[in-house]
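Listed here are the chains, written in short residue letters.
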Amino acid sequence: MEPCLISVVVPCYNEEAALPLFLEALRETASSLRTEFDCATELVFVDDGSRDGTLPALREAARTDSHVHYLSFSRNFGKEAAMYAGLEYARGDYIVIMDADLQHPPSMLREMVSVLNSGEYDCAAARRVSRTGEPRLRSFFSRRFYRLINRISDTEIVEGACDFRMMSRRMVDAILSLREYNRFSKGIFSWVGFRTKWLPFENQERVAGETKWSFWGLLVYAVQGIVGFSTAPLVFVALLGVLLCVGALLMVVYVIVKTLLFGDPVGGWPSMACMVMFLGGVQLFCMGILGEYLAKTYLEVKRRPIYVLSETDEDAD
Ligand code: UDP
Ligand code: MG
């Protein structure tokens, strides 16, 4: 199917500095897409409760250019929520998600459109093949995370996959039908299925502004991914319980035999104290794992909306 409209969804949080550069780059790309594939491009910016001049810049861009649209959140809801809102709003036949910091090269859009035009794929996704410019420790933990989650989850989470991907209408509709509150897009994209073509690209430095991800933020995101796409930790807790029971039984046998052979001199309270502490720790740890699932369930059953809008370009007209 040849597209007639391509939607570019751009989550923005405090991207005042990068926006003008992004807009300029995208205008150029849009005109080359028009000449090559004869398709129009709309830009859907999602202002994720920015505190800087992002929103005024978006208002101005939408006023002067009818291809620019924006949604503005009432507060910061996170990139996941921003992507959901953008996908919901986008009207295109092909929809692509891009960061505002030009870390995702707009030059790749041409290639993505031709992949989707071939009709064989529903998704053309960029995959980072290098992690240059990233702290060593972060790369290390990131690799560990992918190894772990792929081992314990049925949904494949491709290492280096980022949110920069162009999808067909039907794939986006499938993604929108997953209305969960705790969103982990890397998992959701893969869960909905469809054929994905991976396009390798080199990591780019941000053009302006700074990253919003702290190490702690990434850790919480990783836990969200695991809890969202695997119940293996619950099985782990159960197995640990069984293992400790077997250990306890062996110890009972040992104590009985030892008492029969050597009598029962009083003592051994330090070992007892250690055991109580150890078991207490194990129990709290396991309760923590259970609690994590319970907390996610709690948030899910409240059925809160994924985002709250405060303004869109339609209000401004
Ligand atoms: N972003 C967002 N809400 C947030 C954090 C980030 O919409 O709470 C946007 C941000 O404006 C950018 C994209 O998500 O367009 C990626 O963020 P960032 O560049 O900070 O992440 P990194 O590229 O370092 O992983
Ligand atoms: Mg970035």
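Rules used in this analysis
- Residues numbered from 1 in each chain as written.
- Chains lettered and ligands numbered in written order.
- Predicted model: local features only at pLDDT ≥ 70, side-chain atom pairs only at ≥ 80, totals over all residues.
- Heavy atoms only, no water.
- Near = heavy atom within 4 Å.
- Polar contact = N/O pair within 3.5 Å; in protein donor to acceptor, adjacent residues only side chain to side chain.
- Areas by Shrake-Rupley, 256 points an atom, 1.4 Å probe, with all protein chains shown as cover.
- Pairing = 2+ DSSP bridges.
- Helix = DSSP H or I, 4+ residues; strand = E, 2+ residues; numbered from the N terminus.
- Axes fitted to C-alpha atoms, helices over the stretch in contact; angles between N-to-C directions.
- Contact = heavy atoms within 4.5 Å.
- Core = buried A, V, L, I, M, F, W, Y, C linked by side-chain atoms within 4.5 Å.
- Buried < 20%, exposed > 50% of the residue type's maximum accessible area, 1.4 Å probe, protein only.
- Expected span 1.5 Å × (residues − 1).
- Phe/Tyr/Trp six-rings, centres within 6.5 Å; stacked < 30°, edge-to-face > 60°.
- Lys NZ or Arg CZ within 6 Å of the ring centre and 35° of its normal.

Q: Before we go on, may I ask you to explain the site of ligand 1 in this structure?
A: Taken together, 16 residues sit near ligand 1, with Glu15, Asp48, Asp101, Gln103 and Thr211 positioned nearest. Within the side chain of Asp48, an N or O atom sits 2.6 Å from a nitrogen atom of ligand 1. Note that an oxygen atom of ligand 1 is positioned 3.2 Å from one of the side-chain N or O atoms of Asn76. Coverage of ligand 1 by the protein amounts to 86% of the 530 Å² it exposes when considered alone.

Q: Honestly, the sheet that holds strand β8 (residues 309-312) in this entry has me stumped. Any pointers?
A: By way of backbone hydrogen bonds, the strands of a sheet pair with one another, either parallel or antiparallel. Read from one edge to the other, the open sheet built from eight strands follows the order β7-β5-β6-β4-β1-β2-β3-β8, with strand pairing classed as mixed. Looking along the sheet, the strands with just one partner apiece sit at the ends: β7 (196-201) and β8. For this sheet, the mean inter-axis angle between neighbouring strands, taken without regard to orientation, is 20 degrees. Where strand β1 (residues 5-12) meets strand β2 (residues 40-47), eight bridges bridge the pair, whose relative direction is parallel. Opposite Pro11, over in β2, you have Val46 as the bridge partner. Relative to the sheet, helix α4 (residues 108-117) contacts β1, β4 (94-97), β5 (123-128), β6 (161-168) and β7, its axis offset from that of β6 by approximately 50 degrees.

Q: Before we go on, may I ask you to explain the nonpolar core in this structure?
A: Judged by nonpolar contacts, the single largest core of 39 residues is most densely connected at Phe73, Leu87, Met167, Ile175 and Tyr307. In terms of residues, this core owes the most to one element, helix α3 (residues 79-89), which gives seven residues. In contact with Ile175, not counting residues within four places along its chain, are Tyr84, Leu87, Met167, Arg183, Ile188, Phe189 and Val192. In this structure, Ile6, Val8, Leu33 and Leu116 belong to the second largest nonpolar core, which totals 38 residues.

Q: Looking at this structure, how should I read helix α9 (residues 232-262)?
A: Count 3.6 residues to each turn of an α-helix, and residues three or four apart come out pointing the same way. Over its 31 residues, α9 extends 44 Å from the first C-alpha to the last, a length consistent with the 45 Å expected when each residue adds 1.5 Å. Directly beyond the C-terminal end of α9, a positive phi value near 80 degrees is found at Gly263.

Q: Sorry if this is basic, but what is going on with the packing of aromatic side chains here?
A: The description of two aromatic rings rests on the distance between their centres and on the angle between their planes. In total, this model carries 12 aromatic pairs according to the counting rule given. Both rings, one in Phe141 and one in Phe215, keep their centres 5.5 Å apart while their planes meet at 70 degrees; by these two values the pair is edge-to-face. Linking Phe141 in helix α5 (residues 136-152) with Phe215 in helix α8 (residues 215-229), this pair joins segments that are 74 residues apart in sequence. What makes Phe141 partly exposed here is its relative accessible area of 40%. Relative to Tyr221, the ring of Phe184 lies with its centre 5.0 Å away and its plane at 55 degrees, an arrangement referred to as tilted. On the criterion of sequence distance, the pair formed by Phe184 in the loop between α6 (169-176) and α7 (185-191) and Tyr221 in helix α8 is long-range, its members being 37 residues apart. Put simply, the rings of Phe145, Tyr146, Phe184, Trp213, Tyr221 and Phe229 touch in pairs and so form one group of aromatic residues. Just above the ring of Phe77 sits the side chain of Arg75; from NZ or CZ to the centre is 3.8 Å.

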